[in-house]
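Understanding the architecture of this molecule
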Amino acid sequence: VELLPVQLIALELSIFDSCDGSINLLHLTRLTSLKFQSQWGTTTACITRLPSQVIKLAVEQSGETKSSAYSRFVVSSLTQLTALTINDHSMETSEELLQLRALPALQELSLGYTQEDAALAAAPAWAQLHQLHSIKISGFGCSPSTWANVCSQLSSLTRLTRLGLL
């Protein structure tokens with residue numbers, strides 16, 4: 001990764017196998033947009049250093065990943081971040097999501113869930129995140145009581161402009 005051209009302003013990076021060591025992107029001094037994807041059984045913890053000027057970040061993980069601290073680490077170090085998309089399970093509790101309020105420049109937050117249980121665990125925090133504009137819940141096949149609970153959480157989101165229940 002250290003061989004990537006330093007003039008990059010946008011990067012899409014996918015990791016499909018476990019990585020050995022760490023990936024440091026600090027040398028990409030013009031990078032403002034990063035989309036990171038990982039697949040079944042991989043870890044995102046190998047991305048350890050990101051340039052502070054990143055203003056748009058998308059973290060997408062599918063399947064069972066080993067990413068418990070990754071999103072919290074990345075997000076807390078990017079104080080200029082204006083747009084954040086998280087489609088994974090690494091910030092699934094209300095407490096973890098509420099940490100996003102500490103990002104001073106964050107204007108647009110998009111959350112995606114592939115398990116309705118993770119969405120339900122995070123739902124109490126949604127109303128407290130004024131930056132939340134988009135939610136997508138895949139595999140949404142729940143009971144009527146669960147549906148009512150999700151709808152009550154969604155009805156309080158006055159800034160939500162995009163919703164996917166798939």
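Preceding block: the structure.
Notes on the structure in this doc start here. (Residues numbered from 1 in each chain as written. Predicted model: local features only at pLDDT ≥ 70, side-chain atom pairs only at ≥ 80, totals over all residues. Heavy atoms only, no water.)

**Things to note about the nonpolar core**
Core analysis: the largest hydrophobic core is formed by 37 residues, its most contacted members being Leu57, Leu84, Leu97, Leu111, Tyr113, Trp126 and Leu132. Looking at this core, the elements that each hand over two or more residues are strand S1 (10-15), strand S3 (33-38), strand S5 (56-61), strand S6 (83-87), strand S7 (108-113), helix H3 (116-126), strand S8 (132-137) and helix H4 (144-155). Top element by residues in this core is H3. It accounts for six residues. (Core = buried A, V, L, I, M, F, W, Y, C linked by side-chain atoms within 4.5 Å. Buried < 20%, exposed > 50% of the residue type's maximum accessible area, 1.4 Å probe, protein only. Helix = DSSP H or I, 4+ residues; strand = E, 2+ residues; numbered from the N terminus.)

**Considering the sheet that holds S1**
The strand order S1-S3-S5-S6-S7-S8-S9 describes an open sheet built from seven strands, whose pairing is parallel. Here the strands that pair on one side only, and so sit at the sheet edges, are S1 and strand S9 (162-165). Within the sheet, the average angular offset between the axes of one strand and its neighbour, ignoring direction, is 5°. In the sheet, S3 pairs with S5 via six bridges, with the strands oriented parallel. The residue bridging phenylalanine 36 from the neighbouring strand is valine 59, located in S5. (Pairing = 2+ DSSP bridges. Axes fitted to C-alpha atoms, helices over the stretch in contact; angles between N-to-C directions.)

**As for the packing of aromatic side chains**
For the coordinates displayed, the defined rule picks out one aromatic pair. Between tyrosine 113 and tryptophan 126, the ring centres sit 6.1 Å apart and the planes meet at 40°, which makes this aromatic pair tilted. Pair noted here: tyrosine 113 is in strand S7 and tryptophan 126 is in helix H3, with a separation of 13 residues, a long-range link. Given the relative accessible area of 0%, tryptophan 126 is considered buried. (Phe/Tyr/Trp six-rings, centres within 6.5 Å; stacked < 30°, edge-to-face > 60°.)

**Thoughts on the environment of threonine 146**
Mapped onto the elements, threonine 146 comes out in helix H4. The spatial distance from the C-alpha of threonine 146 to the C-alpha of aspartate 117 is 9.7 Å, given a sequence separation of 29 residues. Here threonine 146 is in contact with Glu116 and Leu120, once residues within four sequence places are set aside. (Contact = heavy atoms within 4.5 Å.)

**Overview of H4**
In a regular helix each residue adds 1.5 Å, so 12 residues correspond to 16 Å; H4 covers 16 Å between its end C-alpha atoms and thus fits that length. On its buried face, H4 sits against H3, S8 and S9. (Expected span 1.5 Å × (residues − 1).)

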